[in-house]
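# Observations on the model geometry
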Amino acid sequence: MTFTVLNPATELPIAELEQAGVEEADAAVAWAKAAYPSWSAVAPGDRARLLRRLATLVEENAEELARIESENVGKPISGARGEIGMVAQVFHFYAGAIDKHVGETIPVAGGVAATFREPLGVVGLIVPWNFPANIASWKLGPALACGNTVVLKPAELTPLSALRLGELCLEAGVPEGVVNVVVGKGSVVGQRLIEHPDVAKIAFTGSTEVGRLVMQGAAGTIKRVTLELGGKSANVIFEDADLERAAAAAPYSVFDNAGQDCCARSRILVQRSVYDRFLGLLIDATRDVKVGDPADEETEMGPLVSAAQRETVASFVDGEPTYRGDIPDAPGYWYPCTVVEASNDDRVAREEVFGPVAAVIPFEDEADAIRISNDTPYGLSGSIWTRDGSRALRVARATEAGVLSVNANTSVRVQTPFGGFKQSGFGRELGMHALDGYSEVKSVFISTEG
Ligand code: NDP
């Protein structure tokens with residue numbers, strides 16, 4: 001059976017693909033299992049060389065990959081270029097990391113113990129549609145570096161960059177069977193990977209709801225699981241902050257990728273003493289966001305990924321918002337930049353919207369800011385804007401989230417760990433920490449007696 005892949009900015013087809021089912025998922029796992037003994041035995045230096053070659057191929061094909069990503073997700077071409085640049089950086093990073101992820105020697109009674117980092121086996125990578133190539137690379141890089149083989153399942157809405165990455169792996173010289181890409185429904189192919197007895201681990205990024213299913217399904221075979229799930233992060237603006245800078249940055253921390261970002265700071269908490277002034281600055285800055293054709297070099301926000309996503313996002317906005325931007329009068333799943341004033345108890349402040357809707361919420365003082373910021377089941381990211389360094393660190397330490405920034409709105413860097421607290425999931429991607437999620441520690445005792 002085939003299915004059609006659409007461009008969300010035109011609603012027109014861009015590809016017709018075969019839809020894989022359980023049989024193809026099983027075949028991919030079998031290939032990955034067959035490739036595992038020889039891949040895991042490749043010397044780390046040789047694995048590093050292959051990953052470096054893959055990084056270089058991504059750089060050489062960056063424009064094509066960026067265009068695929070832009071057309072398939074509806075993201076602005078400038079942003080897509082940045083994301084593909086990060087994919088190459090990720091492969092370079094893990095090429096360099098392979099021979100630095102080492103064990104220890106531990107003196108113990110009667111001898112010495114040595115620890116080794118062993119690969120897990122076949123790893124299932126289930127990735128979402130919001131940053132398809134990027135998130136695939138965050139999992140592929142450390143999984144391959146550690147000596148695992150993989151089955152990558154992209155989201156059905158956005159499979160094209162994963163398929164191209166699979167081709168580039170082969171072109172780089174990664175042996176057949178090491179990287180397998182299976183395009184099919186999550187509830188069929190994803191579910192099969194979760195339950196498959198020959199899959200040692202599932203690395204999942206997506207909704208908290210499906211994250212729960214991953215945990216439940218993985219219990220049958222005690223699979224390793226890492227989960228990077230939803231978020232409802234706070235952007236906390238104190239009265240002593242550089243308000244102009246904070247307001248200029250705030251729209252991009254909610255409306256980037258049309259708000260379809262697990263790190264979106266979609267709750268903007270503003271100290272009451274500067275609330276009106278900041279709200280005015282925020283609306284002025286939001287008015288400047290350039291919404292339109294993703295292929296246009298100037299565009300900063302494109303459409304949502306699908307009609308269904310637009311319907312979900314619209315359900316969060318009752319009545320007239322404080323600000324609503326313009327959208328193109330053309331086909332495409334457009335939704336305007338929207339600012340609403342809210343209380344932290346409102347649905348728009350409690351649930352992940354995954355669209356360009358910012359909820360602005362007042363707070364009284366530092367304790368109140370921390371209380372509201374933590375009053376959410378999620379704990380992924382967030383920002384703190386203040387000129388008081390002690391306060392910045394105090395609030396950062398008190399915030400129940402995995403990735404925070406001070407006087408900035410970014411979360412993701414190749415070198416630093418990324419992941420959530422609470423219902424935003426567990427396990428860390430990126431940086432050296434990710435390698436721990438794709439390896440087991442083995443301890444070997446060597447007797448020095450006799
Ligand atoms: P999902 O969690 O459904 O999708 C993420 C991935 O999981 C996709 O590859 C999907 O496949 C797969 N999947 C879906 N169902 C199953 C299953 N039963 N077993 C195994 N894999 C499965 O996200 P949605 O696309 O439905 O988006 C819904 C909401 O989730 C968004 O509005 C947003 O709030 C949140 N979300 C969060 C993301 C994040 O980055 N943390 C990313 C994406 C969504 P397929 O789509 O092909 O069926």
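Predicted model only: the values in this text are computed from it and were never measured.

## A few points about the overall build of the chain
For the chain, the helix and strand inventory stands at 15 helices and 18 strands. Against the globule reference of 22 Å for 450 residues, the chain gives a C-alpha radius of gyration of 23 Å, in line with a compact fold. Seen through its principal axes, the chain has C-alpha atoms that stretch 75 × 60 × 40 Å. Counting every position in the chain, which comprises 450 residues, the buried fraction comes to 56%. Sequence-distant contacts, at least 24 apart, represent 73% of the contacts inside the chain between residues at least 6 apart. Mean positive and mean negative side-chain charge positions of the chain (40 and 60 charges, respectively) differ by 5 Å.

## Some details on helix α13 (residues 366-374)
Within α13, 7 of the 9 residues are buried, which leaves the element mostly enclosed by the surrounding structure. For α13, the set of buried residues is Glu366, Asp368, Ala369, Ile370, Ile372, Ser373 and Asn374. Residues of α13 that are buried make contact with β10 (234-237), β11 (267-271), β14 (357-363) and α14 (389-398).

## Observations regarding the environment of Gly220
Turning to its location among the elements, Gly220 is positioned in the loop between α8 (208-219) and β9 (224-228). For Gly220, a relative accessible area of 68% puts it in the exposed group. Separated by 24 residues in sequence, Gly220 and His196 place their C-alpha atoms 9.4 Å apart.

## Thoughts on the environment of Ala264
Take Ala264: it is sitting in the loop between α9 (243-255) and β11. Looking at Ala264, the relative accessible area reads 7%, which means it is buried. With 95 residues separating them in the primary sequence, Ala264 and Ala359 have C-alpha atoms 11 Å apart. Once residues within four sequence positions are removed from consideration, Ala264 is found in contact with Ser233, Ser253, Val254 and Gly259.

## Examining the sheet that holds strand β18 (residues 439-447)
If you trace the 3 strands from one edge of the open sheet to the other, you get β3-β4-β18, paired in antiparallel fashion. Of all strands in the sheet, those with a lone pairing partner are β3 (105-108) and β18, marking the two edges. Each strand of the sheet is rotated relative to its neighbour by a mean of 30 degrees, with strand direction disregarded. Where strand β4 (residues 111-119) lies against β18, 9 bridges are found, and the strand directions are antiparallel. Bridged to Ala113 within β18 is Phe445.

## Quick word on the packing of aromatic side chains
With the rule as written, the count across this model stands at 4 aromatic pairs. Look at Trp129 and Phe354: their rings are 5.4 Å apart centre to centre, the planes differ by 80 degrees, and that puts the pair in the edge-to-face class. With Trp129 in the loop between β5 (122-126) and α5 (132-145) and Phe354 in the loop between α12 (347-350) and β14, this pair connects stretches of sequence that are 225 residues apart. Note that Lys201 overlies the ring of Tyr438, its terminal NZ or CZ placed 4.2 Å from the centroid.

## Focus on the sheet that holds β5
Within the open sheet, the 6 strands sit side by side as β7-β6-β5-β8-β9-β17. Their pairing is mixed. With one partner strand each, in any of the chains shown, β7 (179-181) and β17 (425-426) form the two edges of the open sheet. With 5 bridges joining them, strand β8 (residues 201-205) and β9 adopt parallel strand pairing. Across the sheet, the residue bridging to Phe204 is Leu227, located in β9.

## Focus on the site of the ligand
Surrounding the ligand, one finds 29 residues, the nearest of these being Val127, Trp129, Glu156, Ser207 and Glu352. Contact between the ligand and Asn130: an oxygen atom at 3.2 Å from a side-chain N or O atom of the residue. At 3.1 Å, a side-chain N or O of Gln309 approaches an oxygen atom of the ligand. When the free accessible area of the ligand is taken as 860 Å², the share hidden by the protein chains comes to 83%. Put simply, the ligand lies in the largest pocket. At the level of elements, α7 (186-195), β8 and α8 are the ones that each hand at least two residues to the shell around the ligand. No other element matches α7, which puts 5 residues into the shell around the ligand.

## Considerations on unusual backbone geometry
You will see that Phe354, though not glycine, has its phi angle at about 60 degrees, which is positive. Relative accessible area serves as the criterion here: at 16%, Phe354 is assigned to the buried category.

About the criteria used
- Residues numbered from 1 in each chain as written.
- Predicted model: local features only at pLDDT ≥ 70, side-chain atom pairs only at ≥ 80, totals over all residues.
- Heavy atoms only, no water.
- Helix = DSSP H or I, 4+ residues; strand = E, 2+ residues; numbered from the N terminus.
- Rg over C-alpha atoms; globule rule 2.2 N^0.38 Å.
- Buried < 20%, exposed > 50% of the residue type's maximum accessible area, 1.4 Å probe, protein only.
- Contact = heavy atoms within 4.5 Å.
- Lys, Arg positive; Asp, Glu negative; His and termini not counted.
- Charge placed at Lys NZ, Arg CZ, Asp CG, Glu CD.
- Pairing = 2+ DSSP bridges.
- Axes fitted to C-alpha atoms, helices over the stretch in contact; angles between N-to-C directions.
- Phe/Tyr/Trp six-rings, centres within 6.5 Å; stacked < 30°, edge-to-face > 60°.
- Lys NZ or Arg CZ within 6 Å of the ring centre and 35° of its normal.
- Near = heavy atom within 4 Å.
- Polar contact = N/O pair within 3.5 Å; in protein donor to acceptor, adjacent residues only side chain to side chain.
- Areas by Shrake-Rupley, 256 points an atom, 1.4 Å probe, with all protein chains shown as cover.
- 1 Å grid on protein atoms, 1.4 Å probe; cavity = no way out; pocket = protein on both sides within 12 Å on 5 of 7 lines; lining within 4 Å.
- Sits in = over half its atoms within 2 Å of the grid points.

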